[in-house]
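# Analysis of the macromolecular model
Each chain is listed here by its residues.
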Amino acid sequence: MIQVIGVRFKKVGKIYYFDPNKVNVKQHDDVIVETSRGVEFGEVAIEKRMVEKDDVILPLRKIRRIATDEDRHNIEENKQLAKEALQTCQHKIREHKLDMKVIDSEYTFDRNKVIFYFTAEGRVDFRQLVKDLATKFKTRIELRQIGVRDEAKLLGGIGPCGRMLCCSTFLGDFEPVSIKMAKDQNLSLNPTKISGLCGRLMCCLKYENETYEEAKKEMPDLGTEVKTSYGKGKVIDLNILEKIVSIKLYEEDNVLEYTLDELIEEEIILAPVTK
């Protein structure tokens, strides 16, 4: 086991583990830490805790100290400088007629580098752009291409549900979402109904997926042939949430509905039968 704390650098960004380095910190404290990008300013999202060594990438970088008011003032200055840098970058992109869209920019805490986040359909030769920006800002320049989901996370917005986007308010990481999740939840497969502002499948399809998967394990498969007290039939529909099974009888052409408990109690589904 090893002691760590979790630090977040963006409002809803990923949480990274660091060595507490004997610094007494608590949740929501601002701290100065060493990162692969250099010295950075972050917020403690997870207080000191013990985790398995296999759950972290060693060696852990250390916390330097608790942030001061001067550090916070520097961060605010960096944010203002980043806004100005964004406008300059947008102007340069138009000047060079590049097929790309810059979304956001940020300075590292020590202003040793300015990072521009952009989207593009394909590869873009931005070498001359980087040279121009480096000449303008007299610092290291990094252009980082991001996907449409990351773009939505940075820009924010209101989803089809009427609430602020999950990715921009509380989701730290994107989890895989598949069309199978929509099918399992009996949702419309119309892309306009199950896609978010980013044009990808909505992240919220993942939220209830585990519940549906567990419930589905208890239910018979569609098309399963069964024997009831009214005759033989087959399963034609499932209401996963209410655990209701619809069975169509072969002879009477009627549709019967049973709850899962009724199926078990009446021992209707013992094994598939043939017509």
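Residues numbered from 1 in each chain as written. Predicted model: local features only at pLDDT ≥ 70, side-chain atom pairs only at ≥ 80, totals over all residues. Heavy atoms only, no water.

### Structural notes on the nonpolar core
Applicable threshold: The definition of a nonpolar core used throughout is a set of buried Ala, Val, Leu, Ile, Met, Phe, Trp, Tyr and Cys residues joined through side-chain atoms within 4.5 Å. Each residue is placed in one exposure class: buried if its accessible area under a 1.4 Å probe, protein chains only, is under 20% of its type's maximum, exposed if it is over 50%, and partly exposed if it falls in between. Runs of H or I in DSSP of at least four residues are treated as helices and runs of E of at least two as strands, each being numbered from the N terminus.
Ranked by size, the top nonpolar core spans 17 residues in total, and within it Phe116, Leu133 and Leu143 carry the most contacts. Those elements giving two or more residues to this core turn out to be helix 1 (69-96), strand 6 (101-107), strand 7 (113-119), helix 2 (127-137) and strand 8 (140-145). If one sorts the elements of this core by residue count, helix 1 sits on top with five residues. Counting residues in hydrophobic clusters, the runner-up holds 14 residues, among them Val226, Leu238, Ile240 and Ile247.

### Looking at the sheet that holds strand 8
Sheets are built from strands that pair by backbone hydrogen bonding, the pairs being arranged parallel or antiparallel. Heads up, the condition is: Strand pairing is assigned whenever DSSP identifies at least 2 bridges connecting the two strands. Axes, fitted as lines to C-alpha atoms, cover a helix only where it is in contact. Angles between the N-to-C directions of the axes lie from 0 to 180 degrees. A contact between two residues is defined here by any heavy atoms of the two lying within 4.5 Å.
With respect to topology, three strands assemble into an open sheet ordered 6-7-8, the strand pairing being mixed. Every interior strand has two partners, whereas the edge strands, strand 6 and strand 8, have only one. Shown here is a sheet whose adjacent strand axes are inclined to one another by a mean of 20°, direction ignored. Of the pairings in the sheet, the one linking strand 6 to strand 7 comprises six bridges and is antiparallel in character. Within strand 7, the position partnered with Lys101 by the bridge is Thr119. Helix 2 rests against strand 6, strand 7 and strand 8 of the sheet, and its axis sits at about 140° to strand 8. Packed onto the sheet, helix 3 (residues 148-155) meets strand 6 and strand 7 and runs at close to 60° relative to strand 6.

### Remarks on the pairing of strand 7
The line we're drawing: Classification remark: right-handed applies to a crossover when, strands pointing away from the viewer, the course from the first strand over the helix to the second runs clockwise.
Strand 7 sits mainly inside the fold: seven of its seven residues count as buried. In strand 7, alternate side chains face the same way, and those of Lys113, Ile115, Tyr117 and Thr119 on one face and Val114, Phe116 and Phe118 on the other are all buried. Where strand 7 lies against strand 8, six bridges are found, and the strand directions are parallel. When the bridges of strand 8 are listed, Lys113 appears paired with Arg140. Taken together, strand 7, helix 2 and strand 8 form a β-α-β motif whose crossover is right-handed.

### Digging into the confidence of the model for the chain
For clarity, the threshold we go by: Values of pLDDT, the confidence the predictor places in each residue, fall between 0 and 100.
Counting all residues, the mean pLDDT for the chain is 89, and 96% of those residues have values of 70 or more. Helix 8 (residues 260-265) is the least confidently modelled element of the chain, averaging 79 in pLDDT, while helix 1 averages 96, the highest of any element. Scored below 50 in pLDDT, residues 270-275 shows nine contacts in the model against residues more than four places distant or in partner chains.

### A short note on the sheet that holds strand 3 (residues 30-35)
Reading across the sheet, the five strands line up as 2-1-4-3-5 and stay open at both edges, with antiparallel pairing between neighbours. Every other strand in the sheet has two partners, leaving strand 2 (15-18) and strand 5 (63-66) as the edge strands with one partner each. In this sheet, neighbouring strand axes are inclined to one another by 45° on average, regardless of whether the strands run parallel or antiparallel. Looking at chain direction, strand 3 and strand 4 (residues 38-51) are connected through six bridges and run antiparallel. Counted as the bridge partner of Val33 is Glu40 from strand 4.

### A short note on the pairing of strand 4
Looking along a regular strand, one sees the side chains alternate between the two faces of the sheet. Bridge analysis of strand 1 (residues 2-8) against strand 4 gives six bridges, and the strand direction is antiparallel. The residue bridging Arg8 from the neighbouring strand is Glu43, located in strand 4. Counted between consecutive antiparallel strands, the loop separating strand 3 from strand 4 contains two residues.

### Topic: the packing of aromatic side chains
Inclusion rule: Between the rings of Phe, Tyr and Trp (Trp by its six-membered ring), a pair exists once the centres lie within 6.5 Å; its type follows the angle of the planes, with under 30 degrees stacked, over 60 edge-to-face, and the other angles tilted.
Going through the model one piece at a time under the given rule, you end up with six aromatic pairs. Ring centres of Phe41 and Phe109 lie 6.3 Å apart, and the angle between their planes is 20°; on these two criteria the pair is classed as stacked. A residue pair is termed long-range when its members are at least 10 positions apart, and Phe41 in strand 4 and Phe109 in the loop between strand 6 and strand 7 qualify at 68 residues. This pair shows no difference in class: Phe41 is buried, exactly as Phe109 is. Considering the side-chain rings of Phe118 and Phe126, the 5.7 Å spacing of their centres and the 75° angle between planes classify their relative orientation as edge-to-face.

### Here's the deal with the pattern of salt bridges
Convention followed: By convention in these notes, a salt bridge is any Lys or Arg side-chain nitrogen within 4 Å of a carboxyl oxygen on Asp or Glu.
Scanning the model with the defined rule gives 20 salt bridges in all. Ionic pairing is found between Asp30 and Arg72, a salt bridge with its closest N-O pair at 2.9 Å. Residue Asp30 is located in strand 3, and its partner Arg72 is located in helix 1; the two are separated by 42 residues in the primary sequence. Asp30 sits in the buried class, given a relative accessible area of 18%. Arg37 is paired through a salt bridge with Glu40; the nearest N and O atoms lie 2.9 Å apart. Assessed through its relative accessible area of 7%, Glu40 is described here as buried.

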